[in-house]
Amino acid sequence: TLVGNERDYLLLEYRRGDKLYVPTDQIQQVSQYTGGSIPSLSRMGGSDWTRTKTTIRKEIQKIAQELVVLYQERESLQGFRYSPDSLWQKELEESFPFQETPDQLIAMNDVKSDMEEGKPMDRLVCGDVGFGKTEIALRAAFKAVLDNKQVAVLVPTTLLAQQHFQTFTERLSRFPIRIAVLSRFLSVKQSSEVVAKISKGEIDLVIGTHRLLSE
């Protein structure tokens, strides 16, 4: 209550018990922390928060500068120019048991266009679960294999590696594509055999976890 008027407030707590009451009509000035970790609280009016913002601002500027240099380098580099879609590529895509969504078709065409352009590829495909990202990756991987490239599909979990291995195997079963999986589900002996086949070029497409990034 302020001067006889009742209002609703949002209570913000700082370090050492400092408190700030924010009127609900100004709540738009408060935003949720989304840093991914548990932050340490600062004192109200202290210099901690100012120092933190200054440090982060400098780090962001450094990253931005590095990105500018990176993209300048990418523009001057020559990448591998993949061939236009073959009959096999069209056959694979026509065998898709579902109707593609408009967004899915746009993403697939953009990815394949990137591959045929001849510049180092840099495309991120985003979509919720069930929106068909795996099919986009599968078609791109198949297109690369048809141009005599070995393809590695990196996934975050062992379970997902197994699921993708099953999906890729089923979808590509009619084509002479050699597919393998590399994850913790394999024994040491099995993993060694897969790695040996990859190094000899006897595997066209391998699906695996971070194990793919090891020596």
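Before reading further, recall that the structure is shown in the block above.
The notes below deal with the structure included here. Keep in mind it's a predicted model, so treat the numbers as computed, not measured.

Bringing a nonpolar patch on the surface into the picture now. A surface patch of nonpolar side chains, about 360 Å² in accessible area, is lined by I63, L67, L70 and Y71. As for its position among the elements, I63 is in helix α1 (residues 48-76). With a relative accessible area of 48%, I63 lands in the partly exposed category.

Next up on the list: the side chain of T158. Within the secondary structure layout, T158 lies in helix α5 (residues 158-171). Sequence-distant contacts of T158, defined by excluding residues within four places in its chain, comprise S183, R184, F185 and T209.

Once that is clear, we can look at helix α4 (residues 133-146). Side chains three or four residues apart in an α-helix point the same way, a direct result of the helix having 3.6 residues per turn. In this model α4 runs 20 Å from its N-terminal to its C-terminal C-alpha over 14 residues, within 8% of the 20 Å that 1.5 Å per residue would give. For α4, a buried count of 10 out of 14 residues is recorded, marking the element as mostly surrounded by other parts of the structure. Looking only at α4, the buried set comprises E135, I136, L138, R139, A140, A141, F142, K143, A144 and V145. After α4 finishes, the residue N148 shows a positive phi value of roughly 65°.

Within the largest apolar cluster, 31 residues are counted, with the highest numbers of intra-cluster contacts made by F168, L172, L205 and I207. Elements supplying a minimum of two residues to this core: α3 (102-117), α4, β3 (151-154), α5, β4 (179-182) and β5 (205-208). If you tally residues by element for this core, the top one is α4, at seven residues.

Moving on to the pattern of salt bridges. Per the stated rule, a full pass over the model turns up 17 salt bridges. A salt bridge links E116 to K143; the nearest nitrogen and oxygen atoms lie 2.8 Å apart. Of the two residues, E116 sits in helix α3 while K143 sits in helix α4, which places them 27 residues apart along the sequence. On the basis of relative accessible area, K143 is assigned to the buried category, the value being 3%.

Another aspect to go through is the sheet that holds β3. Pairing within the open sheet is parallel, and its three strands lie in the order β3-β5-β4. For this open sheet the edge positions go to β3 and β4, each flanked by a neighbour on one side alone. Averaged over neighbouring strand pairs, the angle between their axes works out to 20° when direction is ignored. Across four bridges, the pairing between β3 and β5 is parallel.

Calculation criteria
- Within each chain, residues carry numbers counting from 1 in the order of the written sequence.
- Per-residue local features of the predicted model are confined to residues with pLDDT of at least 70, and side-chain atom pairs are confined, for both listing and counting, to 80 or more; whole-chain, interface and lining totals are unaffected and use all residues.
- To obtain the side-chain values, all non-hydrogen atoms of the structure were used and water was disregarded.
- Grouping into patches uses exposed residues only, defined as over 30% relative accessible area, and leaves out salt-bridged ones; the cut-off is 9 Å for like charges and 5 Å for nonpolar side chains (Val, Leu, Ile, Met, Phe, Trp, Tyr).
- To be clear on the numbers: accessible area is Shrake-Rupley with a 1.4 Å probe, and residue cover counts the displayed protein chains and nothing else.
- One side-chain nitrogen of Lys or Arg within 4 Å of one carboxyl oxygen of Asp or Glu is enough to make a salt bridge.
- Numbered from the N terminus, helices here are DSSP runs of H or I no shorter than four residues, and strands are runs of E no shorter than two.
- Residue burial is assigned from relative accessible area. The probe radius is 1.4 Å, only protein chains are included, and a residue is buried under 20% of its type maximum, exposed over 50%, and partly exposed in between.
- When checking whether two residues touch, look at their non-hydrogen atoms; a contact exists if any pair is within 4.5 Å.
- In this scheme, a helix's expected span is set at 1.5 Å multiplied by one less than its residue total.
- In plain words, nonpolar cores are sets of buried Ala, Val, Leu, Ile, Met, Phe, Trp, Tyr and Cys residues tied together by side-chain atoms within 4.5 Å.
- At least two bridges found by DSSP between two strands is the condition for calling them paired.
- Angular values range over 0 to 180 degrees, each being the angle between N-to-C directions of two axes fitted as lines to C-alpha atoms, with helices fitted over their stretch in contact.

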